Amino acid sequence: MSETIITVTASADTHHAPERAVVQLALGFEGADRQDVFEKTRRLHAETSDSLRALHDPVADAVTRWSADQVSVWGQRPWSQDGAQLPPVYHATTTVRARFRDFSALAAWIDSIAFRDGVTVTSVDWALTSATHSALQSDAQKTAIVSARSKAQSYAEALGLSTLRAIAVADPGMLGDDGRAGSTVSVARFASHEMAKSSAGGPLDLTPADVVISASIEARFAATA
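Residues numbered from 1 in each chain as written. Predicted model: local features only at pLDDT ≥ 70, side-chain atom pairs only at ≥ 80, totals over all residues. Heavy atoms only, no water.

Q: Hey, could you run me through the overall build of the protein in this one?
A: Counting secondary structure elements, the protein contains three helices and eleven strands. Starting at the N terminus, the α and β elements of the protein follow one another as β-β-α-β-β-β-α-β-α-β-β-β-β-β. In the protein, 75% of the contacts between residues at least 6 apart in sequence involve partners at least 24 apart. Within the structure as shown, the protein displays about 12500 Å² of accessible surface, and the carbon and sulfur contribution to it stands at 51%. (Helix = DSSP H or I, 4+ residues; strand = E, 2+ residues; numbered from the N terminus. Contact = heavy atoms within 4.5 Å. Areas by Shrake-Rupley, 256 points an atom, 1.4 Å probe, with all protein chains shown as cover.)

Okay, structure coming up:
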């Protein structure tokens, strides 16, 4: 009995509220005095580290982990519009990263530090725990497989075929049809967030959208009458 081979692709998304927030700050100053620039940045670095250390304790544990780079200092001599070289300008920078589990504590912390001189909030990224991410990825892959079979069944019925048998299921490109071997099966898409002061002048309002876990697969079926 002859078989008709049907190859399909399918994808699925699953959504979950963020469980962690990763905030990154850039700290730094610039000026004509190298030592002054360094000291101002060093103090800001120490104060920021102390504030995170206070949140990372056995009781509250609002911060699950954090890191602070060493202060980097360098100088450069800019040029004027007339082509003259100007006196040196010194720069000092450092980066601080922290992973929060308590979003209220995150909002209060950003509110207390974001508008200080020398502080730039460069990003707030939303994430899931490893266990949740793995479970959702598995769910999305299973849903994608069900979708692939449904699609293949529709093709088979349109061809007047009634029996469908799975031959292979693979990551995108692994069946050799489009040369994209090695493509990622599942990726997390972290939706944007809103950061704004409340109208009453209260703490910063952080409103994250859901984290979206996407899975894509390819499947091959054999169909017979």
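Additional details are given in the paragraphs that follow.
Q: Looking at this structure, I do not really get the pairing of strand E2 (residues 20-31). What am I missing?
A: Sheet analysis places E2 next to strand E6 (residues 119-127), joined by eight bridges and oriented antiparallel. Bridged to valine 23 within E6 is valine 124. Both E2 and strand E5 (residues 89-100) contribute to a ladder of eleven bridges, which runs antiparallel. Opposite leucine 25, over in E5, you have valine 96 as the bridge partner. (Pairing = 2+ DSSP bridges.)

Q: Help me understand the nonpolar core, please; the structure alone is not making it clear to me.
A: One broad rule of soluble globular proteins: the nonpolar side chains tend to lie buried together. The biggest cluster of nonpolar side chains holds 27 residues, and the ones touching the most others in it are Val23, Leu25, Phe100, Leu106 and Trp109. Those elements that place two or more of their residues in this core are E2, helix H1 (34-55), E5, helix H2 (103-113), E6 and strand E11 (211-224). Beyond its immediate sequence surroundings of up to four residues, valine 23 is in contact with Val96, Arg97, Ala98, Phe100, Leu106, Trp109, Ile110, Val121, Ser123 and Val124. Ranked by size, the runner-up nonpolar core spans 14 residues in total, among them Ile6, Ala10, Ala219 and Ala223. (Core = buried A, V, L, I, M, F, W, Y, C linked by side-chain atoms within 4.5 Å. Buried < 20%, exposed > 50% of the residue type's maximum accessible area, 1.4 Å probe, protein only.)

Q: Looking at this structure, how should I read the environment of glutamate 218?
A: Tracing the chain through its elements places glutamate 218 in strand E11. Separated by 73 residues in sequence, glutamate 218 and isoleucine 145 place their C-alpha atoms 8.2 Å apart.

Q: Teacher, can you tell me more about helix H3 (residues 130-158) here?
A: In an α-helix, one full turn covers 3.6 residues, which means residues spaced three or four apart are oriented alike. Compared with the 42 Å implied by 1.5 Å per residue over 29 residues, the 42 Å span of H3 between its first and last C-alpha is a close match. Every buried residue of H3 is listed here: Thr132, Leu136, Ala140, Ala144, Ala148, Ala152 and Ala156. Where H3 is buried, its residues meet strand E1 (4-16), strand E7 (163-170) and E11. Of the residues trailing H3, glycine 160 is marked for its positive phi of about 80°. (Expected span 1.5 Å × (residues − 1).)

Q: Can you walk me through H1 in this structure?
A: Here H1 spans 32 Å end to end across 22 residues, near enough to the 32 Å set by a 1.5 Å rise per residue. When H1 is considered as a whole, its buried residues turn out to be Val37, Thr41, Leu44, His45, Thr48, Ser49 and Leu52. Burial along H1 is one-sided: seen end-on, the buried residues are contained in an arc of 135°. Turning to H1, the residues buried within the fold contact E2, strand E3 (63-68), E5, H2 and E6. (Arc of directions from axis to C-beta.)

Q: I tried to follow the side chain of arginine 20 on my own but got confused; where do I start?
A: Tracing the sequence through the fold places arginine 20 in strand E2. There is no salt bridge for the buried arginine 20, and the closest opposite charge comes from glutamate 19, which lies 5.7 Å off by N-O distance. Residues in contact with arginine 20, not counting those within four places in the same chain, are Thr64, Arg99, Phe100, Arg101, Phe103, Asp125, Trp126, Ala127 and Thr129. (Lys, Arg positive; Asp, Glu negative; His and termini not counted. Salt bridge = Lys/Arg side-chain N within 4 Å of Asp/Glu carboxyl O.)

Q: Would you explain the pattern of salt bridges in this entry?
A: This structure, assessed with the given rule, holds six salt bridges. Close ionic contact of arginine 42 with glutamate 39 constitutes a salt bridge, the shortest N to O distance being 3.0 Å. Here arginine 42 and its partner glutamate 39 are both found in helix H1, three residues apart, which amounts to about one turn of the helix. By relative accessible area, glutamate 39 is classed as partly exposed at 23%. The partner of arginine 53 in a salt bridge is aspartate 50, and the shortest N-O contact between them spans 2.6 Å. With arginine 53 and aspartate 50 both in helix H1 and three residues apart, the pair spans about one turn of that helix.

Q: In this structure, what is going on with the packing of aromatic side chains? I would like to understand it.
A: The geometry of an aromatic ring pair comes down to the distance between the two centres and the angle between the two planes. Under the counting rule described, the total for this entry stands at two aromatic pairs. With 5.6 Å between their ring centres and 40° between their planes, phenylalanine 100 and tryptophan 109 make a pair best called tilted. The exposure class of phenylalanine 100 is buried, given its relative accessible area of 0%. Residue tryptophan 109 is classed as buried on the basis of its relative accessible area of 5%. (Phe/Tyr/Trp six-rings, centres within 6.5 Å; stacked < 30°, edge-to-face > 60°.)

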